[in-house]
Amino acid sequence: MATIFSRIICGEIPSYKVAEDENYYAFLDINPLAEGHTLVVPKKEVDYIFDLDDETLSGMIIFAKKVAQKLKEKIACKRVAVVVLGLEVPHAHIHLIPINSESDVDFRKPKLTLSPERFAQISAMLQE
Ligand code: AMP
């Protein structure tokens, strides 16, 4: 069965898109630690990030770099943190999180509750 991220990539499940190319898709995390918290996924469905072939993994980092540059440009933050957990969804992905301090990447913290309108605004802003 396809992962939830594959179903998002093919449009079967809606998402707030941030960027896309032939091989990768980026969209807003639905339970964000910060506004702009984005997930970068390869279209190729592989569970564990370090099981990706070298070409897909290196391309994913370069794609994530472009997304992170856009996040930094559009969202006030000191840095864009790069986090890989993969404990919940068995489809390799990178979290990109705008941060101002170390505590901004604490996944035990309550997540933000954003309205659909706010998610849509952030998604549109990041695609400008
Ligand atoms: P992890 O696999 O531990 O890196 O966590 C998976 C992440 O995917 C979590 O931060 C979830 O909030 C996020 N997530 C799960 N389902 C969706 C979805 N349908 N749309 C956006 N983000 C999602």
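Under the definition given, this model contains eight salt bridges. Of the charged contacts, one joins lysine 74 and glutamate 128 as a salt bridge, the two residues approaching to 2.9 Å between their closest N and O atoms. Placement of lysine 74 in helix H2 (residues 54–74) and of glutamate 128 in the segment after helix H3 (116–127) is noted, with a sequence separation of 54 residues between them. For lysine 74, a relative accessible area of 26% corresponds to the partly exposed category. Using a relative accessible area of 61% as the deciding quantity, one classes glutamate 128 as exposed. The partner of arginine 108 in a salt bridge is aspartate 106, with the nearest N and O atoms 3.1 Å apart.

Our focus in this paragraph is the packing of aromatic side chains. The final tally for this structure, using the stated rule, is five aromatic pairs. Where tyrosine 16 meets phenylalanine 119, the ring centres are 4.9 Å apart and the plane angle is 15°; that geometry is what we call stacked. In this pair, tyrosine 16 sits in the loop between helix H1 (4–9) and strand E1 (17–20) while phenylalanine 119 sits in helix H3, placing the two residues 103 residues apart along the sequence.

Given a rise of 1.5 Å per residue, 21 residues ought to cover 30 Å, and the 30 Å separating the end C-alpha atoms of H2 matches this to within 8%. Within H2 the residues assigned to the buried category are Thr56, Leu57, Met60, Phe63, Ala64, Val67, Ala68 and Leu71. All buried residues of H2 fall inside an arc of 150° around its axis, so they share one side. Seen from the buried face of H2, the exposed residues on the opposite side, beyond 90 degrees, are Asp54, Glu55, Ile62, Lys65, Lys66 and Glu73.

Looking now at the site of the ligand. The environment of the ligand is formed by 16 residues, the closest being Asp29, Glu88, Val89, His93 and His95. A distance of 3.2 Å separates a nitrogen atom of the ligand from a polar atom in the backbone of isoleucine 30. Leucine 87 has a polar backbone atom sitting 3.1 Å from an oxygen atom of the ligand. For the ligand, the protein covers 89% of the area, taking 510 Å² as the surface of the free molecule. For the shell around the ligand, the secondary structure elements donating two or more residues are H1 and strand E2 (24–28). The leading source of residues in the shell around the ligand is H1, at three residues. Its residues placed into classes, the shell around the ligand shows ten nonpolar, four polar and two charged.

Moving on, we come to the nonpolar core. Of all hydrophobic cores here, the largest spans 25 residues; its most connected members are Val40 and Leu96. Contributions of two or more residues to this core are made by E2, H2, strand E5 (94–99) and H3. Looking at which element gives the most residues to this core, the answer is H2, with seven residues.

Cut-off values and rules
- Residues numbered from 1 in each chain as written.
- Predicted model: local features only at pLDDT ≥ 70, side-chain atom pairs only at ≥ 80, totals over all residues.
- Heavy atoms only, no water.
- Salt bridge = Lys/Arg side-chain N within 4 Å of Asp/Glu carboxyl O.
- Helix = DSSP H or I, 4+ residues; strand = E, 2+ residues; numbered from the N terminus.
- Buried < 20%, exposed > 50% of the residue type's maximum accessible area, 1.4 Å probe, protein only.
- Phe/Tyr/Trp six-rings, centres within 6.5 Å; stacked < 30°, edge-to-face > 60°.
- Expected span 1.5 Å × (residues − 1).
- Arc of directions from axis to C-beta.
- Near = heavy atom within 4 Å.
- Polar contact = N/O pair within 3.5 Å; in protein donor to acceptor, adjacent residues only side chain to side chain.
- Areas by Shrake-Rupley, 256 points an atom, 1.4 Å probe, with all protein chains shown as cover.
- Nonpolar A, V, L, I, M, F, W, Y, C, P; charged D, E, K, R; others polar.
- Core = buried A, V, L, I, M, F, W, Y, C linked by side-chain atoms within 4.5 Å.

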